[in-house]
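Analysis of the macromolecular model
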Amino acid sequence: MTFNLFIEGTSGNARAGLFATPRGAVRTPCFMPVGTKATVKAITPRDLREMGAQIILSNTFHLHLRPGEGVIERLGELHGFMRYDGPILTDSGGFQVFSLAELRTITEKGVTFKSPLDGAACFISPEISMKIQKALGANIVMAFDECPSVGMEGAVLEESTARTLRWLERCLTIQLKPHQCIFPIVQGGMDAAKRVASARATVATAPDSVGFAVGGLAVGEERSMTYRMLEISVSELPTDRPRYMMGIGTPEDLIWAVDRGVDMFDCVLPTRNARNARVFDPAGGLNLRNAKFREDPAPIMEGCDCHTCREGFSRGYLHHLHRSGEILGGILASIHNLRYLLRQCEEMRDAIIAGRWEDYKSAFFAAFPKASPDPTRG
RNA sequence: GGAUGGGUGGCAGAGCGGUCAAAUGCACCGGACUGUAAAUCCGGCGGGAGGAAUCCCUACCUAGGUUCAAAUCCUAGCCCAUCCA
């Protein structure tokens, strides 16, 4: 069994484990940095290794448009192409159904996108997405789903959710490479009954899946809704397989998700925010562009073990870099933000295994009073 | 000394009788960002009152003037740029 989850400890619904992949074991809970276009923006693979990243994401749709999966496959698949030797997960393009909503039309066959690059029509079906991902060579391949918008409900949501399931069946007909596996994605929008139905049907359709993802969350809805839907979705998933909550990434989100049994998550937030001068700290974060940091000699966060903080780069210096539009500002802040979440995952894992999960959570929310320990309440 | 052009908000730079507290960009002060069309986007940016619509005051080099009305027209002065002596 190439892919396998070994659970090392639990606390309530929270779990810590080891997820074996052909590129090595991933310790969970695990945050996965996003490298849409075969690069985690502003970060080298060396940085990724140093900060303790275990697995990263890339994107089917964007790489299909440029440079094309053929180029990447011939240059050594994603791993060889971008010189990253850890496990890689590719998203299927399903998120672009949501994020590029104005540029696409959906039919039963698939989705026709207008390329953001040149406006050319680009058709992606479940089969095409799988074939692209097969060529890209990621270790975890995501099913091609439809990520519905927050407002979708009733018959339209019903049809969307059902279509994602039909598409899953079609995804499963494409044979992947031996080092690859597929994660199906649970949908169901902001509808509890549809979440349950989607999760059950997903498991029934792909019972042997190595892992399962919960999608369609953190797309603009209230946090209370996010986690109510997550709880419902996760409760229907097998406990012995990794659960991947797609698209979250604030420190508090990680706690909330892990507390509900999530093992893996990814998010553009740490890198995007970093490029916009927003950095994490235990009290809720800093905007390094703010005037008050102009002459601040302190590192972003006292005691942080990220390269940026360890090297002694001051807030004042980072303020200057971001003000000046210097590329190093984005780099140093990205390193900090990614390491922050990665370290938090290590801490969460240790706490769960050591039976300190409840204490860990209490300490986290004590330091960050603005975040609610339970987002589903209020 | 003469000729011509010009002096507008922190800077650059529109406006050239009313709809102007004055376009736009930059700077400045904040905010947002969650499977990346993002090193992006949004708001504010003379002073004062008010939740707000709004109201009051002071403003387009200086001083006068024309006009119901002037950043815009006239006169004088000061300053700047270029050219000629």
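Residues numbered from 1 in each chain as written. Chains lettered and ligands numbered in written order. Predicted model: local features only at pLDDT ≥ 70, side-chain atom pairs only at ≥ 80, totals over all residues.

1. Section: the pairing of strand S8 (residues 111-114)
A one-sided burial pattern is seen for S8, the buried positions being Val111 and Phe113 and the unburied ones Thr112 and Lys114. When strand S7 (residues 104-106) meets S8, the two strands line up antiparallel, connected through 3 bridges. Residue pairing in the sheet places Ile106 in a bridge with Val111 of S8. Linking two consecutive strands that pair antiparallel, namely S7 and S8, is a turn of 4 residues. Summarising the sheet, S8 and strand S9 (residues 121-124) pair through 4 bridges and their orientation is antiparallel. When the bridges of S9 are listed, Val111 appears paired with Ile124. What sits between S8 and S9 in their antiparallel hairpin is a turn of 6 residues, with Gly119 showing a positive phi close to 80°. (Buried ≥ 20, exposed ≤ 12 C-beta atoms within 10 Å, placed from the backbone. Helix = DSSP H or I, 4+ residues; strand = E, 2+ residues; numbered from the N terminus. Pairing = 2+ DSSP bridges.)

2. Concerning the protein's contact with RNA strand B
As a structural note, the neighbourhood of RNA strand B is formed by 47 residues, with Ser99, Pro116, Cys147, Gly247 and Ala291 the closest of them. Counting residues per element, the ones that place at least two in the surface near RNA strand B are strand S5 (56-59), helix H5 (94-99), strand S15 (264-267), helix H11 (269-275) and helix H14 (327-353). For the surface near RNA strand B, a count of residues per class yields 18 nonpolar, 18 polar and 11 charged. (Near = placed C-beta within 6 Å. Nonpolar A, V, L, I, M, F, W, Y, C, P; charged D, E, K, R; others polar.)

3. Overview of helix H13 (residues 315-323)
Within H13 the residues assigned to the buried category are Arg315, Leu318, His319, Leu321 and His322. Buried residues of H13, seen end-on, are gathered within an arc of 165° and therefore sit on one face of the element. Summarising the contacts, the buried residues of H13 are in contact with H14. (Arc of directions from axis to C-beta. Contact = placed C-beta atoms within 7 Å.)

4. Observations regarding the sheet that holds strand S1 (residues 4-11)
If you walk across this open sheet you meet the 3 strands as S1-S2-S3, and the pairing is antiparallel. This sheet does not close on itself; its edge strands, each paired only once, are S1 and strand S3 (24-28). Neighbour-to-neighbour, the strand axes of the sheet open up by a mean angle of 15°, direction not taken into account. Where strand S2 (residues 14-21) meets S3, 5 bridges bridge the pair, whose relative direction is antiparallel. Bridging from a neighbouring strand, Ala20 pairs with Ala25 of S3. (Axes fitted to C-alpha atoms, helices over the stretch in contact; angles between N-to-C directions.)

5. Here's the deal with unusual backbone geometry
A cis amide bond, omega 0°, links Thr28 with the succeeding residue Pro29. We note that Ala218 has phi near 55°; this positive angle belongs to a residue other than glycine. The residue Ala218 is located in the loop between strand S13 (212-214) and helix H9 (223-235) in this model. Using a count of 24 C-beta atoms within 10 Å as the deciding quantity, one classes Ala218 as buried.

6. Considerations on helix H15 (residues 357-367)
Within the span of H15, buried status applies to Trp357, Tyr360, Lys361 and Phe364. The buried residues of H15 occupy an angular sector of 95° when projected down its axis, which confines them to one face. Facing away from the buried side of H15, by more than 90 degrees, are the exposed residues Asp359, Ser362 and Ala366. Residues of H15 that are buried in the fold lie against S1, S2, helix H10 (251-259) and H14.

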